[in-house]
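Reading the structure
Below are the chains, spelled out letter by letter.
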Amino acid sequence: MEKINVNSKIGRIIKLNPDALEAIVSINPKLEKLRNPILRKILANRTSIAMASKMVGNAPEEFFAKLRPLGFEVDNEVISTETEPNDVPAFVAQVTKDQVAEFDVRELLSSGQDPLNAILERVKILKTGHALKIINTFEPIPLVKMLEKKGFIIYVDKITDQHIETYFYKSLEVENAVDEKLEKASGSEWDSLTERFKDNLITVDVREMEMPKPMHTILGELEKLPLNTALFVYHKRIPVFLLPELAEQGLEYRLQEISDSEVHLLIYKN
């Protein structure tokens, strides 16, 4: 019997027992978005029961009640590692209206689309001393966790149950934090890796795809990638927002910049 607690990730629970998806979705209509494979891949792997509970307003015990009949054993002694938000940060009173970029993602989510790439594109061009305001029906905790690690200052303002405004403020400390360390392969290392996987290599070409389809396609291929197999990607640019997701999944990658409009990417698991 598998043990779970408030810190257990939704993605891992569903992986252990696929029936858990329907059980969790039945708790609250806001969880319906988990039916979308791409959203599930991105959100569920980063979202714990405690985080999901906070996002939708249902107690963790309601999740446990749905999961126990599926064979999960609940450890109620474990305390959530999630912390309560701090006081209102100073930037909220300092930024002007012109320094806040607003992005309402409610319509995108309701249509089953993943707004992550669109959000991160806005994050990428955000100026120091400016903030991005995301309007949603819930607090985007996985995104908050991701950008907190980058050094962004976060503030969540609950207007109503269906209107949550989350601010991501880019301070001076973020300037260097947003640049991912790129794992570029030397010629000899690239040759060694391609030789290693030559008989276990799946190739995908996303050069002609419009955003955000390249990231969706790559994640979809990785989800079904067999063991001891690598994914070779033809891309037209370095997919900087894909790289943190690869790290989250415990995947290694190496890349080569062939030209200004072509990048080769090899993704694998050691």
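Treat the numbers as computed from the prediction; the structure is a model and nothing was measured.

How each quantity is defined
- Residues numbered from 1 in each chain as written.
- Predicted model: local features only at pLDDT ≥ 70, side-chain atom pairs only at ≥ 80, totals over all residues.
- Heavy atoms only, no water.
- Helix = DSSP H or I, 4+ residues; strand = E, 2+ residues; numbered from the N terminus.
- Rg over C-alpha atoms; globule rule 2.2 N^0.38 Å.
- Buried < 20%, exposed > 50% of the residue type's maximum accessible area, 1.4 Å probe, protein only.
- Contact = heavy atoms within 4.5 Å.
- Areas by Shrake-Rupley, 256 points an atom, 1.4 Å probe, with all protein chains shown as cover.
- Lys, Arg positive; Asp, Glu negative; His and termini not counted.
- Charge placed at Lys NZ, Arg CZ, Asp CG, Glu CD.
- Axes fitted to C-alpha atoms, helices over the stretch in contact; angles between N-to-C directions.
- Parallel < 35°, antiparallel > 145°, perpendicular 65-115°, else oblique.
- Left-handed = near helix turned anticlockwise from the far one by under 90°.
- Nonpolar A, V, L, I, M, F, W, Y, C, P; charged D, E, K, R; others polar.
- Pairing = 2+ DSSP bridges.
- Salt bridge = Lys/Arg side-chain N within 4 Å of Asp/Glu carboxyl O.
- Phe/Tyr/Trp six-rings, centres within 6.5 Å; stacked < 30°, edge-to-face > 60°.
- Lys NZ or Arg CZ within 6 Å of the ring centre and 35° of its normal.

The next point concerns the overall build of the chain. Looking only at helices and strands, one finds 13 helices and ten strands in the chain. Radius of gyration (C-alpha) of the chain: 20 Å, near the 18 Å computed for a compact globule of 270 residues. Of all 270 residues assigned to the chain, the portion counted as buried reaches 49%. Long-range contacts, defined here as pairs at least 24 residues apart, represent 71% of the contacts in the chain between residues at least 6 apart. A total of about 14,400 Å² of accessible surface is found on the chain, and carbon and sulfur atoms cover 49% of it. Across the chain, the mean location of the 35 positive side-chain charges is 1 Å away from that of the 43 negative side-chain charges.

Moving on: the packing of helix α8 (residues 116-125) against helix α9 (residues 141-149). As a packed pair, α8 and α9 sit with axes 13 Å apart at the nearest point and diverge in direction by 30°. Judged by the inter-axis angle, α8 sits roughly parallel to α9. Handedness of the α8/α9 crossing: right-handed. Residues Leu 116, Ile 119, Leu 120 and Val 123 of α8 lie in contact with α9, whose contacting residues are Leu 143, Met 146 and Leu 147. Tallied by class, residues from the contact of α8 with α9 come to seven nonpolar, no polar and no charged.

A word on the sheet that holds strand β9 (residues 252-259). Strands sit in the order β7-β8-β10-β9 across an open sheet of four strands; the sheet is mixed. With one partner strand each, in any of the chains shown, β7 (201-205) and β9 form the two edges of the open sheet. With strand direction ignored, the average angle separating the axes of adjacent strands in the sheet is 15°. The strands touched by helix α12 (residues 213-223) are β7, β8 (230-235) and β10 (262-268); relative to β8, the strand with the most contacts, the crossing angle is about 165°.

A separate point is the pattern of salt bridges. Taken as a whole and judged by the stated rule, the model has 14 salt bridges. Linking Lys 133 and Glu 165 is a salt bridge whose minimum nitrogen-to-oxygen distance equals 3.8 Å. Placement of the pair is Lys 133 in strand β4 (residues 131-136) and Glu 165 in strand β6 (residues 163-169), with a sequence separation of 32 residues. With respect to class, Lys 133 is no different from Glu 165; both count as buried. Here Arg 254 ties to Glu 252 by a salt bridge, and the two come within 3.6 Å at their closest N and O atoms.

This part is about the packing of aromatic side chains. Given two aromatic rings, their pairing is described by the distance between the two centres and the angle made by the two planes. Under the criterion given, the structure shown has five aromatic pairs. Members of the aromatic cluster, joined through ring pairs, are Trp 190, Phe 232 and Tyr 234. In this arrangement the basic side chain of Arg 122 is found over the ring face of Phe 103, its NZ or CZ atom lying 3.7 Å from the centre.

This brings us to the pairing of β10. A regular strand places its side chains on the two faces of the sheet in alternate fashion. Counting buried positions along β10 gives seven out of seven residues, so the element sits mostly inside the fold. As judged from the seven bridges shared by β9 and β10, these two strands associate in the antiparallel manner. Its bridge partner being in β10, Tyr 253 is matched across the sheet by Ile 267.

So, about the environment of Thr 160. Structurally, Thr 160 is set in strand β5 (residues 153-160). Note on Thr 160: relative accessible area 41%, which makes it partly exposed. Each C-alpha atom, one on Thr 160 and one on Thr 137, is 8.6 Å from the other, the two residues being 23 residues apart in sequence.

This part is about α12. The buried count for α12 comes to eight of eleven residues, which makes it a mostly enclosed element. For α12, every residue scored as buried is listed here: Pro 214, Met 215, His 216, Thr 217, Ile 218, Leu 219, Glu 221 and Leu 222.

Here the focus is the environment of Glu 32. Along the chain, the position of Glu 32 falls in the loop between α2 (20-25) and α3 (37-44). Residue class for Glu 32 comes out partly exposed when judged on its relative accessible area of 38%. In the structure, Glu 32 is positioned 80 residues away from Gly 112 in sequence and 9.4 Å away in space, judged by C-alpha atoms.

In this section: the environment of Arg 122. As for its placement among the helices and strands, Arg 122 is situated in helix α8. The class for Arg 122 is partly exposed, based on a relative accessible area of 33%. Put simply, Arg 122 and Phe 103 are 19 residues apart on the chain and 8.8 Å apart in space, counted from C-alpha to C-alpha. Other than its neighbours up to four places away in sequence, Arg 122 contacts Phe 103 and Leu 132.

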